[in-house]
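Residue strings, one per chain:
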Amino acid sequence: MINKTFLLLVFVSVLAVSCKEEKNIVVAQTYEEPIDPSVRMDENWEAVPKGLQASVTSTNIRYVKSELPKIRTKNSWSGAAWKGERISSQFVLWSNDSIHHVSAEVSDFKSDSGKTLPASIAQTRFVKYVITDEFAGGCGYRKPEDFAASLVADALENVNSYAVKAQETRPVWVTVDVPSNAEAGTYKSTITLHVKGQESKQFEFTLEVIDKVLPKGTDWKFHLDLWQNPYAVSRFHNVEPWSQGHWSLLKPIMKRLADAGQKVITVSLNKRPWGGQTFDQFEAMVDWKKKSDGTWEYDYTIFDNWVQFMMDLGVKNQISCYSMVPWGNEFYYFDEAENKEIKIKAPPGTKEYKELWIPFLKAFKKHLVEKGWNNITRIAMDERGPEEMKAMLELLNEYAPEFGVSFADNHKSYKLYPDELKDMSVAFGHPVDEQDLVQRRANGYVSTHYVCCSDGFPNTFTFSPPAEGVFIGWYTIAADFDGFLRWAYNSWVENPLQDSRFRTWPAGDTYIVYPDNRSSIRFETLREGIQDAEKIRILREELKAKGMLEELDTLNTIVAQFNITTQPEDLEGMLKEAKYNLNLLAKKLVN
């Protein structure tokens with residue numbers, strides 16, 4: 001259930017749209033937004049013409065709720081996409097008048113040759129506002145009163161109708177999923193905004209479908225690793241962890257992640273692997289029990305069910321198990337003799353550490369062999385120090401060397417342990433030597449990069465410009481990484497639909513999607529950049545195979561300009577031009 005402080009708004013009206021016809025307009029059920037902490041009082045709303053105003057606009061603009069859009073009005077959009085690709089657009093609505101009930105309707109996409117793509121390939125979602133703050137130095141404990149707060153447009157509400165209030169700006173996000181079996185060509189569609197008390201507004205959409213196929217997300221080679229937190233879902237919706245209700249809520253939100261190319265399943269072997277850094281702590285997915293005779297017993301039920309659940313959705317490449325080196329080196333187990341949970345502090349290398357982990361590794365290894373998961377399982381760690389790493393690896397190499405390690409690395413540990421770090425992610429702005437990347441790829445190891453609270457650019461905070469999400473995909477392939485890691489897919493704050501701020505990091509750092517399977521501008525643009533990276537990979541392979549070396553050089557030159565770690569003056573313009581040239585090369589391949 002949604003928190004009781006959220007107010008459900010339902011507006012159902014039969015409204016006159018024109019003199020000739022009437023149209024039922026349903027303003028869908030949704031939740032009330034937070035109060036704006038920084039209303040713009042200097043806006044001249046009275047100068048706005050009567051009635052609802054609307055325009056097609058850039059997807060890189062986060063509109064301020066109380067601010068008039070500073071744009072030139074447009075009523076048409078055009079874009080090009082491969083078969084199987086998702087492409088996005090954005091409207092913005094604003095009005096000085098009282099509440100308008102607005103409904104968006106999409107027509108079929110029709111080509112000049114008579115081919116049709118159904119209207120259902122397009123989805124219109126009204127964008128909701130959430131409280132955000134500012135970067136202001138990034139990491140560190142935050143008192144809300146010390147940081148500028150504002151409303152930011154980010155959450156995509158799964159409705160295509162809404163009530164636009166007076167003196168309010170409201171974005172509408174449009175996504176078009178081109179069918180993989182669509183015929184190439186140019187298609188036109190109309191998006192109609194039906195508005196209470198005034199004539200409808202129409203916008204022409206022109207979609208060019210290029211004769212190239214982008215595979216489905218689960219087949220992309222891009223190694224996406226966004227850490228999942230199933231416990232946040234159970235807390236927010238007030239359901240018992242791992243109950244049927246919990247699984248039902250998890251399925252759509254985790255399928256969204258799988259469809260975006262996620263490759264890694266996040267597992268917590270023991271309780272609180274990151275201490276208490278998230279609002280919803282991670283519980284153990286393996287039940288540890290020390291029996292009265294001193295032997296150990298492990299229950300893998302939750303672990304098995306969670307891993308199989310994610311695999312069934314298409315996330316099959318890797319199981320990252322946190323952690324043999326948790327924050328604080330604290331571990332938990334149930335002691336049968338004492339009939340209670342025990343918490344011990346056991347740093348790697350100590351007698352207590354060995355007594356805890358040697359029997360577990362032996363049993364866990366046997367279980368994984370039985371499940372057929374032993375070769376894709378990694379012992380995962382997050383920014384641990386070199387001494388702890390060394391002691392842990394000595395034990396792991398002795399008892400389960402086939403596991404290898406998945407490591408968010410800010411100490412260049414891959415130099416010290418080239419064979420153990422089978423999945424290595426380095427901090428953005430800390431490039432890896434090309435020979436190391438080449439050798440790791442030859443060994444079948446994964447090399448990615450990550451951004452965190454210390455990165456002002458690029459990032460996926462709620463206040464980050466949307467183009468930065470797209471840039472991440474382009475940078476990944478330009479810097480020759482295999483993929484991207486971000487520490488939190490859905491570690492929600494207390495009220496994620498209302499306030500994206502958290503006690504220690506810039507707003508939005510802990511999650512990129514919202515409850516009830518709501519996507520976000522941030523998630524959609526990150527996914528867009530990953531698509532682009534996948535398209536680049538495909539084009540490189542095909543241009544090389546066909547001996548089109550001049551075109552391959554052109555492609556590599558286009559990509560190389562994104563191997564940068566400082567924000568360019570016109571990132572949106574750079575991306576627009578690069579995407580255009582990418583599609584030109586794609587069309588050249590098929591002509």
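Residues numbered from 1 in each chain as written. Predicted model: local features only at pLDDT ≥ 70, side-chain atom pairs only at ≥ 80, totals over all residues. Heavy atoms only, no water.

S.K.: So what's going on with the overall build of the chain? Residues and values would help.
M.R.: The number of helices and strands found in the chain is 11 helices and 26 strands. Relative to its length of 591 residues, the chain is compact, with a C-alpha radius of gyration of 25 Å against a globular reference of 25 Å. Expressed as lengths along the three principal axes of its C-alpha atoms, the size of the chain is roughly 85 × 60 × 40 Å. When burial is assessed residue by residue, the chain has 58% of its 591 residues classed as buried. By sequence separation, contacts in the chain at least 24 residues apart represent 73% of the contacts at least 6 residues apart. On the chain, roughly 24500 Å² of surface is accessible, and the fraction owed to carbon and sulfur atoms is 48%. Looking at the chain, you have 69 positive and 82 negative side-chain charges, and the mean spots of the two groups are 3 Å apart. (Helix = DSSP H or I, 4+ residues; strand = E, 2+ residues; numbered from the N terminus. Rg over C-alpha atoms; globule rule 2.2 N^0.38 Å. Buried < 20%, exposed > 50% of the residue type's maximum accessible area, 1.4 Å probe, protein only. Contact = heavy atoms within 4.5 Å. Areas by Shrake-Rupley, 256 points an atom, 1.4 Å probe, with all protein chains shown as cover. Lys, Arg positive; Asp, Glu negative; His and termini not counted. Charge placed at Lys NZ, Arg CZ, Asp CG, Glu CD.)

S.K.: I'd like to hear about the state of the cysteines, residue by residue, with values.
M.R.: Under the defined criterion, the tally for this structure stands at one disulfide. Between the sulfur of Cys139 and that of Cys453 lies a disulfide, 1.9 Å long from S to S. Between Cys139 and Cys453 the disulfide shows an S-S torsion of about 95°. By sign, it is right-handed. You can see Cys139 sitting in the loop between β9 (122–132) and β10 (150–156) and its partner Cys453 sitting in the loop between β25 (446–450) and α8 (467–478), a full 314 residues away along the chain. (Disulfide = S-S within 2.5 Å.)

S.K.: Before we move on, can you summarise the pairing of strand β21 (residues 340–345) with the specific residues and values?
M.R.: Two elements, strand β20 (residues 330–335) and β21, share six bridges in a ladder whose sense is antiparallel. In the sheet register, Glu330 faces β21, and the bridge partner there is Lys345. (Pairing = 2+ DSSP bridges.)

S.K.: Pulling in residues and values, what's your account of the sheet that holds β20?
M.R.: Two strands in a sheet stick together by hydrogen bonds in their backbones, pointing the same way (parallel) or opposite ways (antiparallel). Pairing is mixed in the open sheet, where four strands are placed in the order β18-β17-β20-β21. Strand pairing shows two members of the sheet lacking a second neighbour, β18 (296–299) and β21, which therefore form its edges. Strand-to-strand, the axes of this sheet are offset by a mean angle of 35°, without reference to chain direction. Where strand β17 (residues 287–290) meets β20, two bridges bridge the pair, whose relative direction is parallel. Note that in β20 the partner of Lys290 across the bridge is Asp335. Lying over the sheet, helix α4 (residues 351–371) contacts β17, β18, β20 and β21, oriented at roughly 55° with respect to β18. (Axes fitted to C-alpha atoms, helices over the stretch in contact; angles between N-to-C directions.)

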